[in-house]
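Here's the letter readout for the chains.
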Amino acid sequence: MELDLTLILLFVLTGLGAGIIDAIAGGGGMITLPVLLASGMSPVEALATNKLQGSFGTFAASVYFVRKKLVDLTQMKLMILCTFLGAVCGTMTVQQLDTTLLAAIMPFLLIAIALYFMFSKRMGDLDRDRKISNALFAFLLTTAIGFYDGFFGPGTGTFFALAFVSLLGFSMSRATAHTKILNFTSNLASLIFFALGGNILWLAGFSMAAGQLIGGQIGAHMVVNQGARLIRPLVVVVTLIMSVKLLLDQ
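Procedures and definitions
Residues numbered from 1 in each chain as written. Predicted model: local features only at pLDDT ≥ 70, side-chain atom pairs only at ≥ 80, totals over all residues. Heavy atoms only, no water. UniProt positions renumbered as here; feature names shortened; annotations may be inferred. Helix = DSSP H or I, 4+ residues; strand = E, 2+ residues; numbered from the N terminus. Rg over C-alpha atoms; globule rule 2.2 N^0.38 Å. Buried < 20%, exposed > 50% of the residue type's maximum accessible area, 1.4 Å probe, protein only. Contact = heavy atoms within 4.5 Å. Areas by Shrake-Rupley, 256 points an atom, 1.4 Å probe, with all protein chains shown as cover. Lys, Arg positive; Asp, Glu negative; His and termini not counted. Charge placed at Lys NZ, Arg CZ, Asp CG, Glu CD. Phe/Tyr/Trp six-rings, centres within 6.5 Å; stacked < 30°, edge-to-face > 60°. Lys NZ or Arg CZ within 6 Å of the ring centre and 35° of its normal. Patch = residues over 30% accessible without salt bridge, like charges linked within 9 Å, V, L, I, M, F, W, Y side chains within 5 Å. Salt bridge = Lys/Arg side-chain N within 4 Å of Asp/Glu carboxyl O. Expected span 1.5 Å × (residues − 1).

The protein chain appears in an unreviewed UniProt entry as Probable membrane transporter protein from Amphritea atlantica. Recorded under Sequence similarities (unreviewed entry), the UniProt text for the protein chain is reproduced unchanged: "Belongs to the 4-toluene sulfonate uptake permease (TSUP) (TC 2.A.102) family."

This is the structure:
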């Protein structure tokens, strides 16, 4: 596939916008994947290239959150490991099973989560009491969500954020920061398998990644400064849009 200057510029600008949205509320793939498909890539090439560029955005946001001390990586080692292993298993499993049933269920589950984010009193800028230990959270939740991201994907960030808020009592800002770390982990796991399969269009991916690096940092900066008043409504809107898109795709 040959890329001219106009297409490269489009990829950079798309990555920039998606990086901002993804760092705040997730769902950046809704912006990038249609652009990659419209450029003439096959579905497999678009999915693989999307993982490459998305990894840069989540990495940029993760670095920003670590520097701002919203995340302590030493306390996330087990979560990161479980997410990675879950994503690897999901990526391997999707090659053997049909995702049709999951695709049919997911829009309604995402709508329910959007309503929870909209009306729950736990969605704020203050930490609350945790309900389970970090170890149990890692083994049960991050493994399962990592598996889901490798297997299917849409709404992964929303699931992570919901789990951090409802089970570990995190504020919206802390939940979003920790979500980006695990998003990057699961993206990296899937990216490795796509790279081994030779499905990535590297120039297109790196062009979009350039925008993602900038957009991810801008979005992370907005999370730190605006907190729940920005994250909460944007998560609701993005989640509902994802739900509608999944329904229309069917």
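This is not the end of the story, as more comes after the structure.
1. Details of the overall build of the protein chain
The number of helices and strands found in the protein chain is ten helices and zero strands. Going from the N terminus to the C terminus, the protein chain shows its helices and strands as α-α-α-α-α-α-α-α-α-α. Against the compact-globule benchmark of 18 Å for 250 residues, the protein chain has a radius of gyration of 17 Å, which places it among compact chains. Seen through its C-alpha atoms, the protein chain measures out along the principal axes to roughly 55 × 40 × 35 Å. The buried share among the 250 residues of the protein chain stands at 50%. Nonlocal contacts in the protein chain, meaning residues at least 24 apart in sequence, comprise 82% of its contacts between residues at least 6 apart. When the accessible area of the protein chain is evaluated, it comes to approximately 11,500 Å², of which 69% is carbon and sulfur surface. Taken as two groups, the 15 positive and 11 negative side-chain charges of the protein chain have centres that lie 15 Å from each other.

2. Some remarks on the packing of aromatic side chains
Tallied over the full model, the rule gives eight aromatic pairs. Judged by centre distance (4.9 Å) and plane angle (40°), the ring pair of F137 and F164 falls under tilted. Residue F137 is found in helix α6 (residues 134-151), and its partner F164 is found in helix α7 (residues 156-168); the two are separated by 27 residues along the sequence. Just as F137 is buried, F164 falls in that class too. In this structure an aromatic cluster arises from ring pairing among F56, W202 and F206. In this structure, R174 is placed above the aromatic ring of F170, and the distance from its NZ or CZ to the ring centre is 3.9 Å.

3. Structural notes on the UniProt feature "transmembrane region" (unreviewed entry) in the protein chain
Per the UniProt record, "transmembrane region" (unreviewed entry) is annotated on residues 47-66, 78-95, 101-120, 132-151, 157-176, 188-210 and 230-248. When the span residues 157-176 is considered, its composition is 85% helix and 0% strand, and the gap between its end C-alpha atoms is 8 Å. Each end of residues 230-248 is marked by a C-alpha atom, and these two atoms are 27 Å apart; helix forms 100% of the span and strand 0%.

4. Digging into a nonpolar patch on the surface
Residues L78, L81, L85, L136, F139 and L140 make up a contiguous nonpolar surface patch of about 550 Å² in total accessible area. At the level of secondary structure, the elements contributing two or more residues to the nonpolar patch comprise α4 (77-93) and α6. Positionally, L85 belongs in helix α4. Look at L85 and you get partly exposed, because its relative accessible area is 47%.

5. Some points on helix α3 (residues 43-67)
Here α3 contains 25 residues, and its C-alpha end-to-end distance of 36 Å stays within 8% of the 36 Å for a straight helix at 1.5 Å per residue. K69, located one to two residues past α3, shows a positive phi value of around 65°.

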